[in-house]
Amino acid sequence: MNKIAILVNEENREKVFSEKYYERLRKTGQVFVYDKKDFEDEAYWLDFIKDSEVIITSWGSPQLGGKALDICPNLKAVIHAAGSIKPIISDEFIERNIRITNSAAAIGEGVAETALGFAIAACKGFYQLNIDTKNKLWDENIRTTVKDFYDIKVGVISGGFVGRHMVKLLKNFHVDVLMYDPTLSSEEISAIGAEKVELDELMRESDVVSVHAPSIPATDNMINKENLSLMKDGAVLINTSRGTVINENDLICELKKGRIFACIDVTNPEPPSKDNELRDLDNVILTPHIAGTVSNGMKRIALHVCEELERLENGEKMRTEVDLGSISKLA
């Protein structure tokens, strides 16, 4: 492979890549690293990618339209070192059916691991018992607060990369896993390691509900007062996907009843207003969108980019190659 252009701004280059990964990329071809902070000079970045066989993009990279594609006649693929590809692809990109892969799987691993951490900590009552001990109590509320992460039902909403990794992690525990994903068959969900159920059944039966659905029109307010009311007393709701998936007002109303506990990493909008009641309720853990790759975990993305490039070079299908025909279903 000849020219590999890393079309990533300075901020994200420093977050995602290090010399370790540049060296690995150089084993595949001649690597050119973009050397400016932004992409305001279109002529400059177009000249930078000219004749590239592979372009690596990330958050903030410019959209690849007709001008960019015309000067890269031998372009084999774009490897996106971020999640959603929508900001960088164009109608021309889709029409020419350029191969593209994203890093959703790499990011998703961290999201699923955070969700699992929330689940165990919430079931064991870490958050509430910490408040007790700070208030000079000890074990007075253990019986009503603690549920071991054993012989319970965990509901996973969506069987995408994050949901699949969540199920993989849950296989290390003695729990039953339910999954709601209308795009997957019972056989496909069984192969992942879960049991396919409808959303209402998942909400009704699960001791822990972990939301991993993409933010698309079909999932707006998918979790609302009707299905929140179905949750068991003492159940835990975790959202590490997008704030639009849960109707926030409905969730707050249900939380005020004191029946359920919630771990919320995403809101709509972000950040939530300073008077948002999620900030004040005792049965809520609210974190500032940290479930994905934030600090050193960003290097997961660089590793994924290297692996995808090597698969491309070896003539293999890239692990997270995107079907541009299904673009409307993507977040």
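Just above sits the structure.
Residues numbered from 1 in each chain as written. Predicted model: local features only at pLDDT ≥ 70, side-chain atom pairs only at ≥ 80, totals over all residues. Heavy atoms only, no water.

### Observations regarding the overall build of the chain
So, point 1. The secondary structure content of the chain amounts to 14 helices and 12 strands.
So, point 2. Here the chain has a C-alpha radius of gyration of 22 Å; the compact-globule value for 331 residues is 20 Å, and the two agree.
So, point 3. Overall, the chain is about 70 × 45 × 35 Å in size when its C-alpha atoms are taken along their principal axes.
So, point 4. Restricting the contact set of the chain to residue pairs at least 6 apart, pairs at least 24 apart contribute 64%.
So, point 5. As displayed, the chain has an accessible area near 16,200 Å², and 47% of this comes from carbon and sulfur atoms.
So, point 6. Between the mean site of the 40 positive side-chain charges and the mean site of the 53 negative ones, the chain shows a separation of 3 Å. (Helix = DSSP H or I, 4+ residues; strand = E, 2+ residues; numbered from the N terminus. Rg over C-alpha atoms; globule rule 2.2 N^0.38 Å. Contact = heavy atoms within 4.5 Å. Areas by Shrake-Rupley, 256 points an atom, 1.4 Å probe, with all protein chains shown as cover. Lys, Arg positive; Asp, Glu negative; His and termini not counted. Charge placed at Lys NZ, Arg CZ, Asp CG, Glu CD.)

### Describing empty space enclosed by the protein
So, point 1. Taken as a whole and judged by the stated rule, the model has one cavity of 30 Å³ or more.
So, point 2. Residue lining of the largest cavity: Asn239, Gly243, Ile246, Glu248, Leu251, Ile264, Val266, Thr267 and Leu278, and that is the complete set.
So, point 3. Residue composition of the lining of the largest cavity, grouped by class: five nonpolar, three polar and one charged. (1 Å grid on protein atoms, 1.4 Å probe; cavity = no way out; pocket = protein on both sides within 12 Å on 5 of 7 lines; lining within 4 Å. Points joined across faces, edges and corners; volume = space filled by probe spheres on them. Nonpolar A, V, L, I, M, F, W, Y, C, P; charged D, E, K, R; others polar.)

### Some points on helix α14 (residues 299-313)
Quick reminder: α-helices carry 3.6 residues per turn. Residues three or four places apart thus point the same way.
So, point 1. A rise of 1.5 Å per residue sets the reference length of α14, with its 15 residues, at 21 Å; its end C-alpha atoms lie 21 Å apart and thus fit the reference within 8%.
So, point 2. Gly315, located one to two residues past α14, shows a positive phi value of around 75°. (Expected span 1.5 Å × (residues − 1).)

### Points about the nonpolar core
For soluble globular proteins, the rule of thumb is that nonpolar side chains tend to be buried together.
So, point 1. Core analysis: the largest hydrophobic core is formed by 54 residues, its most contacted members being Phe17, Leu25, Ile56, Phe149, Leu170 and Val208.
So, point 2. Here this core takes nine residues from helix α6 (residues 104-123), the largest share from any one element.
So, point 3. Apart from residues lying up to four places away in sequence, Val208 is in contact with Ala119, Cys123, Phe149, Ile152, Lys153, Val154, Gly155, Val236 and Ile238.
So, point 4. In terms of nonpolar packing, the next biggest core, distinct from the first, is built from 27 residues, Tyr180, Leu237, Val245 and Ile252 among them. (Core = buried A, V, L, I, M, F, W, Y, C linked by side-chain atoms within 4.5 Å. Buried < 20%, exposed > 50% of the residue type's maximum accessible area, 1.4 Å probe, protein only.)

### Let's talk about the sheet that holds strand β1 (residues 3-6)
So, point 1. If you walk across this open sheet you meet the five strands as β2-β1-β3-β4-β5, and the pairing is parallel. The open sheet terminates on both sides in strands that have one partner only, identified here as β2 (30-33) and β5 (99-101). Each strand axis lies, on average, 20° off the axis of its neighbour in the sheet, ignoring direction.
So, point 2. In terms of strand pairing, β1 meets β2 through four bridges, oriented parallel. Along β2, the bridge assignment pairs Ile6 with Val33.
So, point 3. Strand contacts of helix α3 (residues 42-49): β1, β2 and β3 (54-57), with the helix running at about 145° to β1, the strand carrying the most contacts.
So, point 4. Sitting on the sheet, α14 touches β1, β3, β4 (77-80) and β5, and the angle it makes with β4 is about 160°. (Pairing = 2+ DSSP bridges. Axes fitted to C-alpha atoms, helices over the stretch in contact; angles between N-to-C directions.)

### Regarding the sheet that holds strand β11 (residues 261-264)
So, point 1. Across the sheet, seven strands lie side by side as β8-β7-β6-β9-β10-β11-β12; this open sheet has parallel pairing. The open sheet terminates on both sides in strands that have one partner only, identified here as β8 (195-196) and β12 (284-286).
So, point 2. Where strand β10 (residues 236-239) meets β11, four bridges bridge the pair, whose relative direction is parallel. Paired with Asn239 across the strands is Ile264, a residue of β11.

### Some remarks on the packing of aromatic side chains
So, point 1. Taken as a whole and judged by the stated rule, the model has six aromatic pairs.
So, point 2. Both rings, one in Phe17 and one in Tyr22, keep their centres 5.6 Å apart while their planes meet at 15°; by these two values the pair is stacked. The pair Phe17 / Tyr22 is uniform in exposure class, with both members buried.
So, point 3. A network of ring pairs unites the aromatic residues Tyr34, Phe39, Tyr44 and Phe48 as a single cluster.
So, point 4. Its end group placed over the ring of Phe48, Lys3 keeps NZ or CZ at 6.0 Å from the ring centre.
So, point 5. Residue placement shows Lys36 over the ring face of Tyr44; its charged tip is 4.6 Å from the ring centre. (Phe/Tyr/Trp six-rings, centres within 6.5 Å; stacked < 30°, edge-to-face > 60°. Lys NZ or Arg CZ within 6 Å of the ring centre and 35° of its normal.)

### Focus: the side chain of Asp132
So, point 1. Here Asp132 lies in helix α7 (residues 126-134).
So, point 2. No salt bridge is formed by the buried Asp132; the nearest opposite charge belongs to Lys134, separated by 11 Å.
So, point 3. When sequence neighbours within four positions are dropped, the list of residues in contact with Asp132 reads Leu137 and Asn141. (Salt bridge = Lys/Arg side-chain N within 4 Å of Asp/Glu carboxyl O.)

### Here's the deal with a negative patch on the surface
So, point 1. Taken together, the side chains of Asp151, Asp176, Glu195, Glu198, Asp200 and Glu201 define an acidic patch exposed on the protein surface.
So, point 2. In this fold, Asp200 is placed in helix α11 (residues 199-205). (Patch = residues over 30% accessible without salt bridge, like charges linked within 9 Å, V, L, I, M, F, W, Y side chains within 5 Å.)

### Digging into the layout of surface pockets
Picture a little ball the size of a water molecule; that probe, rolled over the atoms, points out where space is still empty.
So, point 1. Volume-wise, the second largest pocket comes out at about 470 Å³.
So, point 2. Taken together, 22 residues line the second largest pocket, and the ones lying closest to its centre are Gln128, Thr144, Thr145, Gly234 and Phe261.
So, point 3. Of all the secondary-structure elements, those providing two or more residues to the lining of the second largest pocket are α6, α7 and α8 (142-145).
So, point 4. Taken together, the residues that form the lining of the second largest pocket break down as eight nonpolar, seven polar and seven charged.

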